[in-house]
Amino acid sequence: MNFIAIIGVTGKIETIKSQDYCAVTVKVEKPFVESNEEDWYDIVKIKIDKQLFKNELNLMSTGSIIGVKGRIKNESNNMQLVAERVQVF
């Protein structure tokens, strides 16, 4: 099964004009931190379809809390996270 679920805080929202998607970075809290020098969060980039999630992208801004359900996609030996459902809180 190919399934991801992420809840986090939005960072940069990159709109690529020639593409049908935009890339959103999300700051996701780690379940534990191994050392004091390590950050308490990970930055994850998620690919979001601009037409399918038009309303959600209009509500979204830097600092918004969002939930994403999606899948992992391998494109040109590059792992990408692709949103299938987006909820802005």
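Before reading further, recall that the structure is shown in the block above.
None of the values given here were measured: they were computed from a predicted structure.

## Regarding the packing of aromatic side chains
- By the definition in use, this model includes one aromatic pair.
- Arranged with centres 5.0 Å apart and planes meeting at 75 degrees, the rings of tryptophan 40 and tyrosine 41 form a pair that is edge-to-face.
- Residue tryptophan 40 is classed as partly exposed on the basis of its relative accessible area, which comes to 48%.
- Residue placement shows lysine 27 over the ring face of tyrosine 41; its charged tip is 4.4 Å from the ring centre.
- Sitting over the ring of tyrosine 21, lysine 47 keeps its end group 4.4 Å from the ring centre.

## Digging into a nonpolar patch on the surface
- A surface patch of nonpolar side chains, amounting to about 410 Å² of accessible area, comprises Ile7, Val9, Ile65 and Phe89.
- Within the secondary structure, valine 9 is located in strand S1 (residues 4–15).

## Regarding the environment of isoleucine 72
- Locating isoleucine 72 in the fold gives a position in strand S4 (residues 65–75).
- Placed 68 residues apart in sequence, isoleucine 72 and isoleucine 4 show a C-alpha to C-alpha distance of 7.3 Å.
- In this structure isoleucine 72 touches Asn2, Ile4, Met79, Gln80 and Leu81, once residues within four positions along its chain are discounted.

Criteria and cut-off values
Residues numbered from 1 in each chain as written. Predicted model: local features only at pLDDT ≥ 70, side-chain atom pairs only at ≥ 80, totals over all residues. Heavy atoms only, no water. Phe/Tyr/Trp six-rings, centres within 6.5 Å; stacked < 30°, edge-to-face > 60°. Buried < 20%, exposed > 50% of the residue type's maximum accessible area, 1.4 Å probe, protein only. Lys NZ or Arg CZ within 6 Å of the ring centre and 35° of its normal. Patch = residues over 30% accessible without salt bridge, like charges linked within 9 Å, V, L, I, M, F, W, Y side chains within 5 Å. Areas by Shrake-Rupley, 256 points an atom, 1.4 Å probe, with all protein chains shown as cover. Salt bridge = Lys/Arg side-chain N within 4 Å of Asp/Glu carboxyl O. Helix = DSSP H or I, 4+ residues; strand = E, 2+ residues; numbered from the N terminus. Contact = heavy atoms within 4.5 Å.

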